[in-house]
Amino acid sequence: MTNALIHVQRLTKRYPEGAVRRTVLDGFDLTIQRGEAVALMGPSGSGKSTLLNLIGAMERPDSGAVWFDGTDLAELDETERTLFRRRRLGFIFQQLNLVPTLTVLENLLLPLELNRALDRGARRRAQALLERVGLPERGDSYPERLSGGERQRVAVARALVHGPDLLLADEPTGSLDAQTAGVVLDLFDELRREYGMTAVIATHAPDVAERADRVVELRRRAHAGGSAA
Amino acid sequence: MILARAGLRHHLRNPWQAALAILGVALGVAVVVAVELANASAERAFTRSAEALAGDATHRVTAGSAGLDEGLYAQLRRSGVRPATPVVEGYVDGPQGRPLRVLGVDPWAEAGVRDTVAGAAFRVDAADWLGSEAAAVLFEKDAQRLGIGAGDRLDVEVGGRGRSLVVAAVAEPADALTAEGLRDTVVVDIATAQELLGRVGRLDRIDLVVPDGAPGERMLARVAEHLPPEAEVQDAQDGAAALDEMTAAFRLNLTAFSLLALLVGALLIYNAISFSVVQRRPLLGRLRALGVGRGQLFRGVVAEGVLLGALGTVLGLPLGYALAEILLELVTRTITDLYFVLSVRDVTLAPSAVAMAAILGVVAAGGAAAAPAWEAASVAPRSALERASLEGRARRWVRWLALAGCGLAALGGLLLWGYGGGLVVGFAGVFALLAGAALVVPWAVYTLALVAAYPAGAVFGAPGRMAARGVAAGLSRSGVAGTALVIAVTAVIGVTVMIDSFRGSLATWLETTLSADVYVSAPSQAGDRPPALVPDLAERLGAVDGVEYVATARYLRVPSAYGEVRLRAFDHGPIGDRGMRYKDRTADAWERFEAGEAAFVTEPFAAHHKLATGDRIALRTPQGVHELPVAAVVYDYTTSEGAVFVGRAFYDDHWGDEAINSLAVHAATGVDREGLIDALRQAAGAEAAALRFRSDAEIRQLSLEVFDRTFAITRVLQLLATVVAAAGVFGALFALSLERTGEVAVLRALGLTPRQVGVLELARTGLLGGFAGLLAIPPGLALAGALTGVINQRAFGWSLQLSVDPAVLVQGVVLASGAALLAGLYPAYRAARIPPGEAMRDEG
C-alpha cells in the first residue's frame, strides 16, 4: 500500500435528475499504484467520467474519500484543489481540450506558466514535446486550424509538459477515427512510460483498455467492485 | 409547429437569455418612446394653449411688446369693429413657485371670441370686477392644485414684489382640451392686469373675429383706418406658428437625439436577437441536416425575433412613459428658459409614439433577427455546426463592413463640410458619420484586440493573451456590443465637447461683453418680457459717488418684415462700443449706430434671415416703417432667435418713450463693488426692493447656470444612451460567458483559480470597453466638430469656438471601460463559479 498513489474509499456520488437524485457511484473503492495505468470501462452513465472528475478534484463526493499521495482531497479548499490540479495532474479530454485563443505552443506553455516554471528550459521542453507529437511546425497555429487528431496530440503533449504525477484521460480518442486514434494512443503510451507516470483512462473502447495495466469495470447505478491489484 | 416548439423551448430553457433579449428591446423602445412622448407632450401643450388663448379669434392687432394704446380699442369699438376684445397678458410667480399666466380681459367683450374665458368672467359679479380688490377667476384644476377656492386670497409675486388677488370664482372649462390649454391661467379684468403687470394704459393685443368674404374685408379696412403706424394686423395663427417655429430647431435637436437612441436601441436589439440565434447554430445545423428548408428556418427565427420584440415593446412602453415624465420636465424647463413660458404637467400617450414603439420594437426586432437568421439558413448544414465557421465568416465580413463604413463616413463628412445644405442635410451628415463609424468598429476592435495581445501577453502572460484574443475570437458577439458602446461614447464625447465649446464661447463672450460693474433690472418670469424701470433711475444712480456712467438698455419686440423681432436699444454714452463683439462691421459702424443711422444684428438673426453687413432691415415704429442699414453683425448668445440692436437716439426718435429695462453701471477705477451696490440701493430709494443689483461676476455665473440647465436634458439623453449600450455589453458578455463554459472548465481543470478566471473575464470586458473608448475618440471629435461648426450654426446661427479638453477624451475611455466592467461583473462572477467537473460533463 505504501506505493499507492490513489486510494478511493467508499465513494458515493449522486446527481439531481428532475425530481430525483440518480446515484452514479455508490460506495466505490479503488487503489491505484504509482506508475500504473488503469482503464475505467463501462457503459454510458456508469460513472467513468464522474470518477475521473472526483480523482481530479473537479467535483466533491457526497460521501467517501479520495486519497491522493496521502492527502484527502475532500479536506482541500477550492484554492488548494486548484493548485493540486495545476501542479500534480495532467488532463486529456475527449474534446474542448485546447484554449482556442492560444496558439498550439502557448497552449503547451500554459501549465508551465501557471506553475511559474516558464524558463528557457521549459520552452525548449515544450518545443521538444511538440516535435515528439509530430507537430514541430504547428506551434504558431491556433487550435481551430488543426485536425481532431492533431488537437488530441497537442492535448497529450500539454498534459505531460509540466511533469504531473497523474494523467487523467476521458475518452481521449472518442472523437477520432481508428487510425488517428491509434497514433494518438501510441504516443500517449510511449510518453507516459517514458515519463513514468500514473494514468487513469476512462474509455468505451476495448483496444484502448487493452493498453492499460489493469481494467476496472463500472456498471450503471452500481459499483464495480474495483479493488487494489 | 414542431419547429416553433423547438424555438420556444430553447427560450424556456434559457430564460436568462430570453429575458435579456426582451430587456434589450424594452430599453431601446423605452428611450425612443420617452423622447418622442416628451417632445409630443410639450408640443401638444403648446398647441392647446395657443388654441385656447386664441379661441375663435382669427386676427389680432399687435404692436410688439411695447403694446397698443388702450384708446385704440375704444376707437375700434366705436367704429363698429366687433367681435373684438382687448388682452393684456403676462406672467407672475404663483404660490408654489410655478409661473401663472395672467390673462387680462374685458369680461363683457369676450363672448364670441373666447367663450370659456367669457363664461369664467361672467361667474363674477360686475361689482366684484369693479371693486377695490383685484378679483381673479381660477380654473378648477389649478384651484385644486393650489388648494384654494372662491373667496380665498391668491398670493403672487411680480417684478420681485408680492401681490394679492382675491379669487372671485372658480370656473370649469367647457371641455378637456380647453382645460389643458388654460392650465396655470388666472383671468382678471384688463385694469387689474395692467396694474399688476405694470402696463397701465397699454394693451398687448386686440383679438378680432373677422368673418369670411366681403364683410371681413370691410372690417379689416375699418381696422386699418385706425391703426397707428407701429401696429399691424396679424393672422391669429401666424403668432402661434412663429412661436412654434422658434422652438423647431430645439425640437429637431431632441428628435436627433431620439434617433441616436434609436440607433443604439436598434443595435441592442440586433445584439440580443442575434445572440439567441447564434447560440442555436448547432441546433439549426442539425435541423438543416434533417431536411428543414432554408425558408422555413428563416421564417421561424424571424418570427421568434418578432415575438421577443413584441414582448419587449409591451414592457418598453410603460418604462418609456415613466422616463418621459422625467424628460418632459427637462424639456419644459429648457423651453421656458430659452423661449417662452410653457406649462406641461402630463405626459400624453401620443399615437405617433406608440407607432414608433411598434416599429422599433417589433419590426426592428424582426429585422435584427433577419440578418443572423439569413446567415444561419444560408450556410451548409455541416458548417452550421461549427462555431469557428461563424467567426470565420464574421472576420471576413468585418473588412468589407469597415470599407463601407469609411465610405459612409466620408459621405457624412461631405454632407457636413463640403455641401452647404440646411439643418436636415447636416443631421443626415451626422448620422452618416455615426453609421460609418459603427461599421468600422467591429474590424477595429478585432485588429486592436490582436495587436493588444502582444503587450498583454508580455505583461500578464497567457491570461493577458487570452483576454485580448478572446475579444477577437468572439467577434460575432463583441463586435456588435463594442459598436453599441462606441456609438454611445462617441455621442458622449461629441456632445460633451460641443457643450464645453459652447460654454467656453459663452464664457468668453460674457467676459468681453459684460463690461460694466453692476447691472440693475427688475426681476421677470423666465421667458417673459422684462419689466420697465422708472425712467429717472439712471440719472439718480449716475449721481452716486464712484459711478462713471450708467448705460441703459431697452428691450422690446417689434413687428418687422421678418415677423416680430427682438429689438434692443442701447445708450452707451462715453463707454462707446465696449461690450460689443463684432463678427463683421463697417468702418464707421459704431458712430452710425450711435447716431441712429444704422442697426446691428446678432449673429443668429443674420443667419436666420440671411443678412449681412450692408443689407437693410425694415422695422415698424410708431413713426411708420423705417429702414436701417446693417452696419455690423455682432456675437450674441442670449437668444437663438436673434435680435436687432439700435442706438437709443434712433429709439427715442421713433418710439418716443423713455422706458428702460436695464442699467449697466460703470464704476470708476478702484471703486469697491459691494460698497457701490449699497450706495446704488440707497440712491434707488423705495424702488430698490423691487430691483436686482448684480455684479458682472454674478451675471456671468447666472448665465452659465441657465446654460447648464438648458443642457441638462442633453446630458440625461447621453446617460440613457450609455445605459442602453452598457445593457448591450452585458448581454454580449453574458452570452459569451455562457458559450465559454467549456473553455472555462478546461482552464479550471488546468489549474486556473476561480479568481483568475474572474479576472480573466473582467480583463476581457475591460479591454472591450477600453477599445470602445479609444475607438470613440475620432468619431467623437468629428461629431463635436459637426455639432459646433455645422449643426449649431445651421440650427441657431451661433458660431462656437471648438475647444477640446483632453480630460473629456480620457473620461470617454474611462466611461466606456467602466460601463463595460460594470456590465461584465456578473458574467465574470458566473464564470468564476463554474464547477469544472459539472461543466465538462455538460459540454462533453
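Further up the page is the structure itself.
Residues numbered from 1 in each chain as written. Chains lettered and ligands numbered in written order. Predicted model: local features only at pLDDT ≥ 70, side-chain atom pairs only at ≥ 80, totals over all residues. Heavy atoms only, no water.

**Side note on the overall build of chain B**
Cut-off, in case you're wondering: Each helix corresponds to a stretch of at least 4 residues labelled H or I by DSSP, and each strand to a stretch of at least 2 residues labelled E; elements are numbered beginning at the N terminus. Residue contacts are counted whenever heavy atoms from the two residues lie within 4.5 Å of one another. For the accessible areas, the method is Shrake-Rupley and the probe is 1.4 Å, while residue cover comes only from the protein chains on display.
A count of helical and extended segments in chain B gives 30 helices and 21 strands. Taking contacts inside chain B between residues at least 6 apart in sequence as the whole, the part at least 24 apart equals 81%. With the model as given, the accessible surface of chain B reaches about 33,000 Å², and the carbon-plus-sulfur share is 59%.

**Quick word on the interface of chain B and chain A**
Heads up, the condition is: Buried area is calculated as the accessible area (1.4 Å probe) missing from two parts once they are joined, with the contributions of both summed. Salt bridge, as applied in this entry: a Lys or Arg side-chain nitrogen positioned within 4 Å of an Asp or Glu carboxyl oxygen. Residues are grouped as follows: Ala, Val, Leu, Ile, Met, Phe, Trp, Tyr, Cys and Pro are nonpolar; Asp, Glu, Lys and Arg are charged; all remaining types, including Gly, are polar.
Counting from both sides, the interface comprises 30 residues of chain B and, opposite them, 26 residues of chain A. Interface area for chain B against chain A, summed over the two sides, is near 2,400 Å², with a carbon-plus-sulfur share of 61%. On inspection of chain B and its partner chain A, the count reaches 4 salt bridges. For Arg465(B), the salt bridge goes to Glu113(A), with nearest N and O atoms at 3.9 Å. At the level of secondary structure, the elements contributing two or more residues to the side of chain B that touches chain A comprise α16 (387-417), α18 (462-473), α27 (741-750), α28 (754-795) and α30 (836-843) of chain B. Within the side of chain B that touches chain A, the residues separate by chemical class into 14 nonpolar, 8 polar and 8 charged.

**Things to note about the sheet that holds strand β5 (residues 71-72) of chain A**
As a general point, the strands of a sheet are linked pairwise by backbone hydrogen bonds and lie either parallel or antiparallel. All names here are of chain A. As a reminder, the rule being used: Strand pairing requires that DSSP identify at least two bridges connecting the strands. To get an axis, fit a line to the C-alpha atoms, keeping to the stretch in contact for a helix; angles then go from 0 to 180 degrees between the N-to-C directions.
Taken together, the 4 strands give an open sheet; going across it, the order is β2-β1-β4-β5, and neighbouring strands pair in antiparallel fashion. The open sheet has two edge strands with one neighbour each: β2 (20-33) and β5. Pairing analysis gives 2 bridges linking strand β4 (residues 63-68) to β5, with the strands arranged antiparallel. Looking across to β5, one finds that Phe68 is bridged to Thr71. Docked against the sheet, helix α1 (residues 48-55) engages β1 (4-17), β2 and β4, running at close to 125° with respect to β1.

**Things to note about the pairing of strand β19 (residues 643-647) of chain B**
Residues and elements named next belong to chain B. Test applied: Exposure is judged per residue with a 1.4 Å probe applied to protein chains only, and the accessible area is read against the type maximum: over 50% gives exposed, under 20% gives buried, and values in between give partly exposed.
Summarising burial for β19: 5 of the 5 residues are buried, a large majority. Side chains Ala643, Phe645 and Gly647 project from β19 onto one buried face, and the interleaved Val644 and Val646 project onto a second face that is buried too. Sheet analysis places strand β14 (residues 563-571) next to β19, joined by 5 bridges and oriented parallel. Across the sheet, residue Phe570 finds its bridge partner in β19, namely Gly647.

**What about the pairing of strand β6 (residues 153-158) of chain B?**
Residue and element names in this part refer to chain B. Residues of β6 alternate between two faces, with Leu154, Val156 and Val158 buried on one and Arg153, Asp155 and Glu157 left unburied on the opposite face. Relative to strand β7 (residues 161-171), β6 runs antiparallel, the two being bridged by 6 bridges. Bridge pairing links Asp155 to Ser164 in β7. Between β6 and β7, which pair antiparallel one after the other, the connecting turn spans 2 residues, and Gly159 there sits at a positive phi close to 55°.

**Observations regarding unusual backbone geometry**
Working note: non-glycine residues mostly have negative phi, and peptide bonds are mostly trans. The peptide bond linking Arg82(B) to Pro83(B) adopts the cis configuration, its omega dihedral lying at 5°. With respect to the helices and strands, the residue Pro83(B) is situated in the loop between α3 (71-78) and β3 (84-93). In this model, Arg10(A) sits at a positive phi of 45°, which is unusual for a non-glycine residue. Along the chain, Arg10(A) falls in strand β1. Here the phi dihedral of Ala57(A) falls at roughly 60°; this positive angle occurs in a residue that is not glycine.

**Observations regarding the packing of aromatic side chains**
Geometry of an aromatic ring pair is reported as the spacing of the ring centres plus the angle between the planes. Residue and element names in this part refer to chain B. To keep things clear, this is the line we draw: Pairing of aromatic side chains requires ring centres within 6.5 Å, counting the rings of Phe and Tyr and the six-membered ring of Trp. Pairs whose planes differ by under 30 degrees are stacked, by over 60 edge-to-face, and all others tilted. Definition used: whenever NZ (Lys) or CZ (Arg) falls within 6 Å of the ring centre and also within 35 degrees of the ring normal, the charge is taken to sit over that ring.
For the coordinates displayed, the defined rule picks out 17 aromatic pairs over all chains. Taken together, a centroid distance of 5.7 Å and an interplanar angle of 80° make the contact between Tyr582 and Phe600 edge-to-face. Residue Tyr582 is found in strand β15 (residues 582-585), and its partner Phe600 is found in strand β16 (residues 599-602); the two are separated by 18 residues along the sequence. Taken together, the ring pairs connect Phe502, Trp509, Tyr637, Phe707, Phe796 and Trp798 into an aromatic cluster. If you follow Arg585 out to its NZ or CZ, it ends over the ring of Tyr582, 4.2 Å from the centre.

**What to know about the pattern of salt bridges**
Pairing between side chains of opposite charge can happen when their charged atoms approach one another. Residues and elements named next belong to chain B. Scanning the model with the defined rule gives 38 salt bridges over all chains in all. Residue Glu641 pairs with Arg566 through a salt bridge whose shortest N-O separation is 2.9 Å. You can see Glu641 sitting in the loop between β18 (624-634) and β19 and its partner Arg566 sitting in strand β14, a full 75 residues away along the chain. Between Arg673 and Asp696 there is a salt bridge; the shortest N-O distance is 2.5 Å. Here Arg673, found in helix α24 (residues 673-684), pairs with Asp696, found in helix α25 (residues 696-710); they are 23 residues apart in sequence, far enough to count as distant. We classify Arg673 as partly exposed; its relative accessible area is 31%. Asp696 gets classed as buried once you look at its relative accessible area, which sits at 10%.

**Structural notes on the sheet that holds strand β3 (residues 37-41) of chain A**
Residue and element names in this part refer to chain A. The strand order across the open sheet formed by 5 strands is β6-β7-β8-β3-β9, and the pairing between neighbours is parallel. Either end of the sheet is taken by a strand with one partner, and the two such strands are β6 (89-92) and β9 (214-217). The sheet shows a mean angle of 15° between the axes of neighbouring strands, taken without regard to direction. Summarising the sheet, β3 and β9 pair through 4 bridges and their orientation is parallel.

**Focus: helix α17 (residues 423-460) of chain B**
Operational definition: The angle between axes fitted to the seven residues ending at a residue and the seven residues starting there is what we call the bend at that residue.
The largest bend in α17(B) is about 35°, located at Val441(B), with the proline Pro442(B) one to four residues further on. Backbone geometry just after α17(B) places Gly461(B) at a positive phi near 75°.

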